[in-house]
2 protein chains.
Amino acid sequence: MLLCVRGFRLWAARRAAPGGPGVSRDLLSRAGELDRYGGLSVHLARIGALQDLDTTAFRKLLLATMQQWRSEGRTAVWLHIPIQQSRFIAPAASLGFCFHHAESDSSTLTLWLGEGPSRLPGYATHQVGVAGAVFDESTRKILVVQDQDKLKNMWKFPGGLSEPGEDIGDTAVREVFEETGIKSEFQSLLSIRQQHTSPGAFGKSDMYIICRLRPYSFTIDFCPHECLRCEWMDLNDLAKTENTTPITHRVARLLLYGYREGFDKIDFTMEELPAVHTGLFYKLYHKELPESYKTMTGMD
Amino acid sequence: MLLCVRGFRLWAARRAAPGGPGVSRDLLSRAGELDRYGGLSVHLARIGALQDLDTTAFRKLLLATMQQWRSEGRTAVWLHIPIQQSRFIAPAASLGFCFHHAESDSSTLTLWLGEGPSRLPGYATHQVGVAGAVFDESTRKILVVQDQDKLKNMWKFPGGLSEPGEDIGDTAVREVFEETGIKSEFQSLLSIRQQHTSPGAFGKSDMYIICRLRPYSFTIDFCPHECLRCEWMDLNDLAKTENTTPITHRVARLLLYGYREGFDKIDFTMEELPAVHTGLFYKLYHKELPESYKTMTGMD
C-alpha cells in the first residue's frame, strides 16, 4: 500500500507540473462533506479536475485519500458518481468500494472504514403494490378483473405498483381508473401483505396493500392490454367463488363482514399529521379512534 | 448511425482475424435472454469475450446490436454489469441506457425500445421501519425510549429499519431487543405511516409500521449508543405527555382504547397464506375476521 502511495506522489508531481491540469493530492478529501455520523460524501460531479483523469490516476488518488480518511477516523465514505464518469467505479471497487444504489444517471458507492461490520443504512427494500376494492354499497357489487397475461380466470381487484412518491390511496384510485375506467375515492386500508423474493421485484420485497374505495362512476371501460375481463360482481359471489386468489377470497369475506356489521369493524382510516422537524406531512393509517380518546377529555 | 455500423464491421473484421480474441458481431444478441414482456436481459458476466474489450469497441458492438434488437421489435433491454466491468456503463449511457438499479457488486442498466414512454417496472421505492409498542397488560406499563442523537427528550417506541427479507414483526422484536434488552413477541400491527422524501431514505419513501408486542422479559438493559433513556412508563402518562412525537402520542391513545375496550378494536392480526404459483408463503395483516366469515358456513 505504501508503494502505491509513493507512486501516487510521483504521479501527482507530474500532473501538477506547470501547464498540466493540476490535480492536487487533497482533491477528493477537500470535496468531502462530513455527515453527522462521521461519514464523508464526495460528489465527483462537483470536481472539475477529474474530467480528464484516467482510471489509474484516479485509483492512486483515491487510495491516498483513503489513507488520510482512515487516519482522520472517518467511519465511512460515500462516492456519488455521474453515469458519464462510471470509469471510476471499477478502480474504486478494486479498493473495496461497492454499490449502495444507482438510479437514472448516477450511482453511489460506499466504503465502511469504521470498526466491525458496516453500520451504514441500506437502500429501499420494498416495492409497494396497491389494489382497490371498489365496493358499491347500494347494489352490493364489487369491481373485479381478470388479468390478461397471468392468473387467468382468477378474479381479483384491479391494482398495480406505486409510482415514486405516490400515496397509497392515490395508487389505488389511479390503477383502478387505468384498468377499468371506473372513478373512485379512497375510503380505508383493508389489508397489508408482505412477501419476500417475489417475482418481478428484482430480488427485493413486496408490500401489497388493498384499499376500500367508493365508486363515483359505474360504466366499465376496461384496458384490453391489462384485463381479459372486468365486471361488477355481487360481493356474495366473490366471497364464495373458487376462481380467485387466496387474498382476494379473504378480503371479499372481510368486506362482507364490514358490509353487514359496519365498515368500522374492518377499516384502517387515514389521517394526515405533521412530521417532526422536517415541515413535511405524512399519512397515518390505524383503526378509527373515538374522539374522546383523541382529546382525552374526561379521562384520568 | 450507419457510419458507426460500418465502422463496427471494419473493427469486427479486424478483431475476428486469426489469432485475435474473435469478438463476433452477434455476441451481445446471442447472450440476450427474452422475457415474457418482449424485453431482453444481457448478463455481461456470462460473456467471456468481453473480458479484454475496450470501451470504444464495446460501444460499437452495442450500437450495432441495438439496431438489430430494434429491427426484431424488442421492447426493452436490460444490461447486467459486474462492478469490475463498469467501464462499459458510460458507453452504454452515451447510447441512451440509464441505471435501473445497482447493489453490492453489480449494476443493471435499461433502455426502452418500445413505443411511447417506458413501461418498465421501477425498482424498490420504500424503506420499511418498524417500531414495537411493548405493552405489559398486567402493570399497564409501556416500554419507551429517548434517542441518543435526535428528537432529544421525546419519548418514543424502540424501532429501526427492516433488514432485507425480514418480516415486519421480526424487525420489531429484534429492534426492541437490541435497543432495550427486552424480549417480546409479536401480537398485531397497529398503524402504518407513509412518508415521502423523508431524511435518510436516499430520496425514497418511508413506510413506518408500529406493532403491538407482548413482553416476556422485563429487566431493561438499554443500548447506550442508541438510547439516552429507556423505561417502563404508565400508558396513561404516555398518552398525556407533551414530550413525545405526534405518532407516539396517537398510538399511545390507540393502545389505551384497546386496553380498555379490547385489543380487537385496534389490531390488524397476522396470518400466513400460500402465494399463488410460486410455492412461497406471505404474511397477511387485516382486522380479525370472525370464523363464521372465514368458512362462510350458514351464510347465503
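All values derive from a computational prediction rather than experimental measurement.

Draft legend 1. Structural context of the sheet that holds strand β4 (residues 98-103) of chain B. Residue and element names in this part refer to chain B. With mixed pairing, the five strands of this open sheet are ordered in space as β1-β2-β3-β5-β4. Strand pairing shows two members of the sheet lacking a second neighbour, β1 (33-34) and β4, which therefore form its edges. In this structure, β1 lies alongside strand β2 (residues 39-43), joined through two bridges in antiparallel fashion. Counterpart to L34 in the pairing with β2 is L40.

Draft legend 2. Spatial organisation of the relation of the copies chain A and chain B. For the match of chain A to chain B, the screw axis carries a shift of 0.0 Å, the RMSD comes to 0.0 Å, and the turn is 180°. Put plainly, the chains are arranged around a two-fold axis. The residues that chain A uses at the interface reappear at the interface of chain B in 99% of cases, marking a shared surface.

Draft legend 3. Representation of the sheet that holds strand β5 (residues 106-112) of chain A within the structure. Sheet architecture is open: five strands sit in the order β1-β2-β3-β5-β4 (chain A), paired in mixed fashion. Of all strands in the sheet, those with a lone pairing partner are β1 (33-34) and β4 (98-103) of chain A, marking the two edges.

Draft legend 4. How the structure looks around the packing of aromatic side chains. Summed over the entire model, instances satisfying the criterion amount to 17 aromatic pairs over all chains. Ring centres 6.2 Å apart and planes at 50° place the aromatic pair Y123(A) and F202(B) in the tilted group. You can see Y123(A) sitting in the loop between β5 and β6 (126-136) and its partner F202(B) sitting in the loop between β9 (184-195) and β10 (205-215), one on each of two chains. Residues F135(B) and F263(B) carry aromatic rings whose centres are separated by 6.1 Å and whose planes lie at 75° to one another, so their mutual orientation is edge-to-face. Separated by 128 residues along the polypeptide, F135(B) in strand β6 (residues 126-136) and F263(B) in the loop between α7 (246-261) and β12 (269-274) bring together distant segments of the chain. An aromatic cluster is defined as three or more aromatic residues linked by ring pairs; in this entry it consists of W78(A), Y123(A) and F202(B). Note that R193(A) overlies the ring of Y282(B), its terminal NZ or CZ placed 5.1 Å from the centroid. Note that R212(B) overlies the ring of F263(B), its terminal NZ or CZ placed 3.9 Å from the centroid.

Draft legend 5. Quick peek at the interface of chain A and chain B. Chain A puts 95 residues into the contact, and the matching count from chain B is 94 residues. When chain A packs against chain B, close to 8000 Å² is buried across both sides, 65% of that on carbon and sulfur atoms. Contact with chain B buries area across many residues of chain A, yet F99(A), F202(A) and R250(A) alone supply 9% of it, more than any other trio. Of the charged contacts in the structure, one is a salt bridge between E103(A) and K204(B), with a shortest N-O distance of 3.2 Å. One can count 29 residue pairs in polar contact (both at pLDDT 80 or more) joining chain A with chain B.

Draft legend 6. Spotlight on the pattern of salt bridges. What the rule picks out here adds up to 32 salt bridges over all chains. The shortest N-O distance in the salt bridge between E137(A) and R214(A) comes to 3.8 Å. Taken as a pair, E137(A) in the loop between β6 and β7 (141-147) and R214(A) in strand β10 (residues 205-215) lie far apart in primary sequence, 77 residues in all. Given the relative accessible area of 38%, E137(A) is considered partly exposed. Between R30(B) and D26(B) there is a salt bridge, with its nearest N and O atoms 3.1 Å apart. Judged by its relative accessible area of 56%, R30(B) falls in the exposed class. Several salt bridges converge on common partners, so that one network encompasses E163(A), E166(A), R174(A), E175(A) and E178(A).

Draft legend 7. Focus on the confidence of the model for chain A. All names here are of chain A. Scored by pLDDT, chain A comes out at a mean of 88, with 90% of its residues at no less than 70. Of all the helices and strands in chain A, helix α1 (residues 2-15) carries the lowest mean pLDDT, 34, while helix α4 (residues 89-94) carries the highest, 98. Across residues 1-20, confidence stays below pLDDT 50; counting only partners more than four residues off in sequence or on other chains, it has 24 contacts. This complex was scored by the predictor with a pTM of 0.88 and an ipTM of 0.88.

Draft legend 8. Structural view of unusual backbone geometry. Residues and elements named next belong to chain B. Phi at R140 is positive, roughly 60°, even though this residue is not glycine. As for its placement among the helices and strands, R140 is situated in the loop between β6 and β7 (141-147). Residue classification places R140 among the partly exposed residues on the basis of a relative accessible area of 25%. Phi angles above zero are rare outside glycine, and F202 is one such case at about 55°.

Cut-offs used in this document
- Residues numbered from 1 in each chain as written.
- Chains lettered and ligands numbered in written order.
- Predicted model: local features only at pLDDT ≥ 70, side-chain atom pairs only at ≥ 80, totals over all residues.
- Heavy atoms only, no water.
- Pairing = 2+ DSSP bridges.
- Helix = DSSP H or I, 4+ residues; strand = E, 2+ residues; numbered from the N terminus.
- Least-squares fit on C-alpha atoms with pLDDT ≥ 70 in both.
- Contact = heavy atoms within 4.5 Å.
- Phe/Tyr/Trp six-rings, centres within 6.5 Å; stacked < 30°, edge-to-face > 60°.
- Lys NZ or Arg CZ within 6 Å of the ring centre and 35° of its normal.
- Buried area = accessible area lost by both parts, 1.4 Å probe.
- Salt bridge = Lys/Arg side-chain N within 4 Å of Asp/Glu carboxyl O.
- Polar contact = N/O pair within 3.5 Å; in protein donor to acceptor, adjacent residues only side chain to side chain.
- Buried < 20%, exposed > 50% of the residue type's maximum accessible area, 1.4 Å probe, protein only.
- pLDDT = per-residue confidence, 0-100.

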